[in-house]
Number of protein chains: 2
Amino acid sequence: MQERIAQIKQYIQEKGEVKLTELEALLPGVSSMTLRRDLQKLEEMGVAVRTKGGAKSISHLSRIKEELYATRTLENMAEKTAIAKKALGCIEEDRSIFLDSGTTVMCLAQFLDSQKLFITTSSPNIALECIKNPNATVNAIGGSLSRENLSFSGITALNFLDNINIDIAFMAASGFSMKNGFTGGDFNECEIKKRVIEKASKVIVLMDSSKLGKNLPFTFAKPGDIDTLISDDRFPKDIIRQLGRGGKRTVL
Amino acid sequence: MQERIAQIKQYIQEKGEVKLTELEALLPGVSSMTLRRDLQKLEEMGVAVRTKGGAKSISHLSRIKEELYATRTLENMAEKTAIAKKALGCIEEDRSIFLDSGTTVMCLAQFLDSQKLFITTSSPNIALECIKNPNATVNAIGGSLSRENLSFSGITALNFLDNINIDIAFMAASGFSMKNGFTGGDFNECEIKKRVIEKASKVIVLMDSSKLGKNLPFTFAKPGDIDTLISDDRFPKDIIRQLGRGGKRTVL
DNA sequence: ACCCCTGATGTTAAATTATAACACAATCAT
DNA sequence: ATGATTGTGTTATAATTTAACATCAGGGGT
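This one's a predicted model, so the numbers in the text were calculated from it and none came from an experiment.

Engineer: Can you tell me about the pattern of salt bridges, naming the residues and giving the values?
Structural biologist: Residues and elements named next belong to chain B. Tallied over the full model, the rule gives 26 salt bridges over all chains. A salt bridge links Glu189 to Lys193; its shortest N-O distance comes to 3.8 Å. Taken together, the positions of Glu189 and Lys193, both in helix α9 (residues 187-199) and four residues apart, correspond to about one turn of that helix.

Engineer: Help me get a handle on the domain arrangement of chain A, residues and values and all.
Structural biologist: Segmenting chain A into domains produces domain 1 (2-66) and domain 2 (77-251). Domain 1 of chain A and domain 2 of chain A are separated by 30 Å when their C-alpha centres are compared.

Engineer: So, the side chain of A:Asn139: which residues are in play, and what are the values?
Structural biologist: Summarising the element assignment, A:Asn139 is placed in strand β6 (residues 136-140). A polar contact of 3.3 Å, which involves the side chain of A:Asn139, links it to the backbone nitrogen of B:Ser144. Apart from residues no more than four positions distant in its own chain, A:Asn139 is found in contact with A:Ile119, A:Thr120, A:Thr121, A:Phe160, B:Gly143, B:Ser144 and B:Leu145.

Engineer: If you had to explain the protein's contact with DNA strand D to someone new, which residues and values would you point to?
Structural biologist: For DNA strand D, the set of nearby residues contains 17 residues, the closest of which are A:Arg36, B:Arg4, B:Thr34, B:Arg37 and B:Lys52. Per the 4 Å cut-off to the protein, sugar and phosphate atoms form 64% of the nearby atoms of DNA strand D. In the environment of DNA strand D, a phosphate oxygen lies 3.5 Å from a nitrogen or oxygen atom belonging to the backbone of A:Thr51. Sorting the residues of the surface near DNA strand D by element identifies α3 (32-44) and β2 (48-51) of chain A together with α3 (32-44) of chain B as the ones contributing at least two each.

Engineer: Would you mind going over the protein's contact with DNA strand C in detail, with residue names and values included?
Structural biologist: Around DNA strand C, the surrounding shell holds 17 residues, and the nearest of these are A:Ser31, A:Thr34, A:Arg37, A:Lys52 and B:Arg36. At the protein interface, 63% of the atoms of DNA strand C within 4 Å belong to sugar or phosphate. A distance of 3.5 Å is found between a phosphate oxygen of DNA strand C and a backbone nitrogen or oxygen belonging to B:Thr51. Per-element accounting of the surface near DNA strand C gives the leading share, three residues, to α3(A). Of the residues in the surface near DNA strand C, the class split is five nonpolar, six polar and six charged.

Engineer: Summarise the interface of chain A and chain B; cite the residues concerned and give the values.
Structural biologist: Each partner contributes to the interface: chain A provides 38 residues, whereas chain B provides 41 residues. Overall, the association of chain A and chain B removes approximately 2900 Å² of surface from exposure, summing both partners, and the carbon and sulfur fraction of that is 65%. Between chain A and chain B we count two salt bridges in total. Between chain A and chain B we count 12 residue pairs in polar contact (both at pLDDT 80 or more) in total. A total of six residues in the side of chain A that touches chain B trace back to one element, the largest contributor, which is helix α4 (residues 58-66) of chain A. When β6(A) meets strand β7 (residues 143-145) of chain B, the two strands line up antiparallel, connected through two bridges. Bridge assignment links A:Ala140 to a residue of β7(B), and that residue is B:Gly143.

Engineer: With reference to specific residues and values, describe the environment of A:Glu43.
Structural biologist: Turning to its location among the elements, A:Glu43 is positioned in helix α3. Residues A:Glu43 and A:Ser210, 167 residues apart in the sequence, show an inter-C-alpha distance of 34 Å. Once you skip the residues sitting within four places of it in the chain, A:Glu43 turns out to touch A:Ala48, A:Val49, A:Arg50 and B:Lys56. Within the structure, A:Glu43 has its side chain in polar contact with the side chain of A:Arg50 (distance 2.9 Å).

Criteria and thresholds
- Residues numbered from 1 in each chain as written.
- Chains lettered and ligands numbered in written order.
- Predicted model: local features only at pLDDT ≥ 70, side-chain atom pairs only at ≥ 80, totals over all residues.
- Heavy atoms only, no water.
- Salt bridge = Lys/Arg side-chain N within 4 Å of Asp/Glu carboxyl O.
- Helix = DSSP H or I, 4+ residues; strand = E, 2+ residues; numbered from the N terminus.
- Domains from an automatic or database assignment.
- Polar contact = N/O pair within 3.5 Å; in protein donor to acceptor, adjacent residues only side chain to side chain.
- Contact = heavy atoms within 4.5 Å.
- Near = heavy atom within 4 Å.
- Nonpolar A, V, L, I, M, F, W, Y, C, P; charged D, E, K, R; others polar.
- Buried area = accessible area lost by both parts, 1.4 Å probe.
- Pairing = 2+ DSSP bridges.

What follows is the structure in structure tokens.
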């Protein structure tokens, strides 16, 4: 029973919400009344809210609230989760890592449950997520908060970066093409990204394949500036080959 | 209609949740179908989640989640809301204000819906709350994020403060006594508070009466350092008199 | 071993709530 | 003026939740 509830919990956390009919299909031997009671328990535990016909993850709701400015949260959720899980494999303990702002990176942050890490981030959301990890030391760069992408930027943020060292930077990109490289829509944010990439020993870009072929006004990195690109399996093979020629590792 | 939805929104924000029957009683001339549709809009706006029989405020849910480690949220909620509303009266538009971290200040932040303001804060939570106000420019001081009080502190945070000007600082205190003044439990956080108070033209402390008589290790302000104290009506009259002799204004 | 208790689960009927479809009035730009 | 749009109310229908009861398995205590 404990186990079934844990399973439901995980399902909700990953999908954001669940319908009762879904759960019935997922757990055939269990009556709907029991599933209802399980959701009730999850509600009492503060994990989810029950809605008509199911339940929603409270963590997700907070993120939706915070990221309403663009309906990016639930979009490509499965891909983002998959990418985040792969990125997890690149992290060693006791390192200094930088987490860029963005939903994919947020997914990664959620998986950093108990690793001993020094985390610096440009996102207040991600900072709050990381602070739940009792073994992490969390820093945020501060500065002006952009309504658009909920990230900090500006001069003071740049100065902050001068005072820290970064082993691995996990970066997000809004667009990518071989010609223009990794691009973003906000000048100040891209200045931050550039500085982070300069300072980091290793740069990993997390990007789902939907960003491919899109060009945004500001380039923050050329393909040659990064070490690894992590994406989903819809990522075209020929681009992987092109990147590979430059010694880049691409993980799908 | 816009007005009715705003009213419902405020009601939800204050109470955390509503039942449809409550709304029907509250707004007699309106059909339940319309109220349902209003809740639906609030859900689309990211303000609330609809539950069976009503809706819950997403902000409340997030706070429950984020502050599970310390059950401070719902404690003295009524007092905190009352204090925040009084503080609202001290704010003029087009000013630079500082918002300290803390649940009472968070309540205030939630009321800053559309005022044109320059907001600087030491709390990632409050920054995220304030960014919802389309007319606010939001800055956060950045630095090391404390797990204890979810606030930024450290050298870089102090440096940040040197570069900004503050008209009014809204500060929170964990303890107060006439002898030791306003106190807090974290050294770094109190250093930040001290610097803010130095820089601010006007200092307003928001503190519910439960903090009275408590002394925490670090004093960040003596009674003489602040301009106004806002508290609830359980605040003892003789202390108000003592503060009044120093020219302090106390609002209950 | 026995019995009674407890807690988890399943089953059903009743109550509650949500939805969909339609109708109507007010507003607004062409 | 008119057609479109939007907000609203009304109803019937559908869906979901609740409550109450029945069942079953395990867990002490005598």
